[in-house]
Amino acid sequence: MTEIYFHSEEVNLPINLDEPAIEGWLIALAQSEQQQISNLNYIFCSDEFLLTINKDYLNHDYYTDIITFDYSAERVVSGDIYISIDRVADNAKEFRVSFEEELMRVIAHGCLHLLGYKDKTEEEQILMTKKEEASLSLLRKLSVPRGTSN
């Protein structure tokens, strides 16, 4: 059984998330990698909240947009994904994209980590970016209402 939950700590999201649509997208993303989602928790939080997690659990003293805790096993995806709304907003401005697009990219990024993709090396970063783009394309395809064409 797939369970995907959305929580917030110390922040209110500046947009309303279409949770059922995002759930369907993430399930399709996992299926495209021949994996299935068991349990995901997306926790949207402030910079300071995520900085504390970064320091306490990873011994890193810097801001980041996402931290993923992976509990997956044998092609069954499970994990906690913390996303700093402050970083998403700043990155959206820096990359000249909407907040919504950047948020969806970071949501996909966390899921991709749980699907086994890394981003430590330059080669891994290039592949991760390609996978993020493919994920956003999948989201756009799934979001097209039936009976319409592009």
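Position numbers for residues count from 1 along each chain, tracking the sequence in the order it is written. In keeping with the predicted nature of the model, local features appear solely for residues at pLDDT of at least 70, side-chain atom pairs appear and are counted solely at 80 or more, and the whole-chain, interface and lining totals rest on all residues. Side-chain metrics rest on all non-hydrogen atoms present in the structure, leaving aside hydrogens and water.

(A) Structural view of the side chain of N41. Put simply, DSSP H or I for four residues or longer makes a helix, DSSP E for two residues or longer makes a strand, and each gets a number counted from the N terminus. Mapped onto the elements of the fold, N41 is located in strand β2 (residues 36-45). What makes two residues a contact is simply this: any of their non-hydrogen atoms within 4.5 Å. In this view, N41 contacts Y5, H7, G79, D80 and I81; residues no more than four positions away in its chain are not counted.

(B) Molecular detail of the packing of helix α4 (residues 99-114) against helix α5 (residues 122-143). The angle between two axes is taken between their N-to-C directions and runs from 0 to 180 degrees, where each axis is a line fitted to C-alpha atoms and a helix contributes only its stretch in contact. Running from N to C, α4 and α5 cross one another at 120°; their axes reach a closest spacing of 9 Å. Remark: the crossing between α4 and α5 carries right-handed chirality. Taking contact as the criterion, the partners of E101, M104, R105, A108, H109, L112 and H113 in α4 are, on α5, M128, K131, E132, E133, S135, L136 and L139. Only Asp, Glu, Lys and Arg are considered charged in this grouping, and only Ala, Val, Leu, Ile, Met, Phe, Trp, Tyr, Cys and Pro are considered nonpolar; every other residue, Gly among them, is considered polar. Classifying every residue of the contact of α4 with α5 gives 6 nonpolar, 3 polar and 5 charged. Should the near helix be turned anticlockwise from the far one by less than a right angle, the crossing is left-handed, and should it be turned clockwise, the crossing is right-handed.

(C) Looking closely at the packing of aromatic side chains. Between the rings of Phe, Tyr and Trp (Trp by its six-membered ring), a pair exists once the centres lie within 6.5 Å; its type follows the angle of the planes, with under 30 degrees stacked, over 60 edge-to-face, and the other angles tilted. Here the structure, examined in full by the defined rule, presents 6 aromatic pairs. Here Y42 and F44 contribute two aromatic rings whose centre-to-centre distance is 6.5 Å and whose plane-to-plane angle is 15°, an arrangement assigned as stacked. For the pair formed by Y42 and F44, the shared burial category is buried. Seen from their ring centres, F69 and Y82 are 5.9 Å apart, and the 85° between their planes marks the pair as edge-to-face. Here F69 is found in strand β3 (residues 66-70), whereas its partner Y82 is found in strand β4 (residues 76-84), with 13 residues between them in sequence. Each member of the aromatic cluster is reached from another via a ring pair, and the members are F49, Y57, F69 and Y82. Only protein chains enter the accessibility calculation, which uses a 1.4 Å probe. A residue is then buried if its area is under 20% of the maximum for its type, exposed if over 50%, and partly exposed in between.

(D) Expanded view of the sheet that holds β2. Whether two strands pair comes down to DSSP finding at least two bridges between them. Pairing within the open sheet is mixed, and its 4 strands lie in the order β1-β2-β4-β3. The sheet is open, and its two borders are formed by β1 (3-9) and β3, each paired with just one other strand. Adjacent strand axes in the sheet meet at a mean angle of 15°, parallel and antiparallel pairs treated alike. Here β1 pairs with β2 via 7 bridges, running parallel. Note on β2: the bridge partner recorded for E9 is C45. Contacting β1, β2, β3 and β4, helix α2 (residues 47-58) runs over the sheet at an angle of about 45° to β3. Helix α3 (residues 85-95) rests against β2 and β4 of the sheet, and its axis sits at about 75° to β4.

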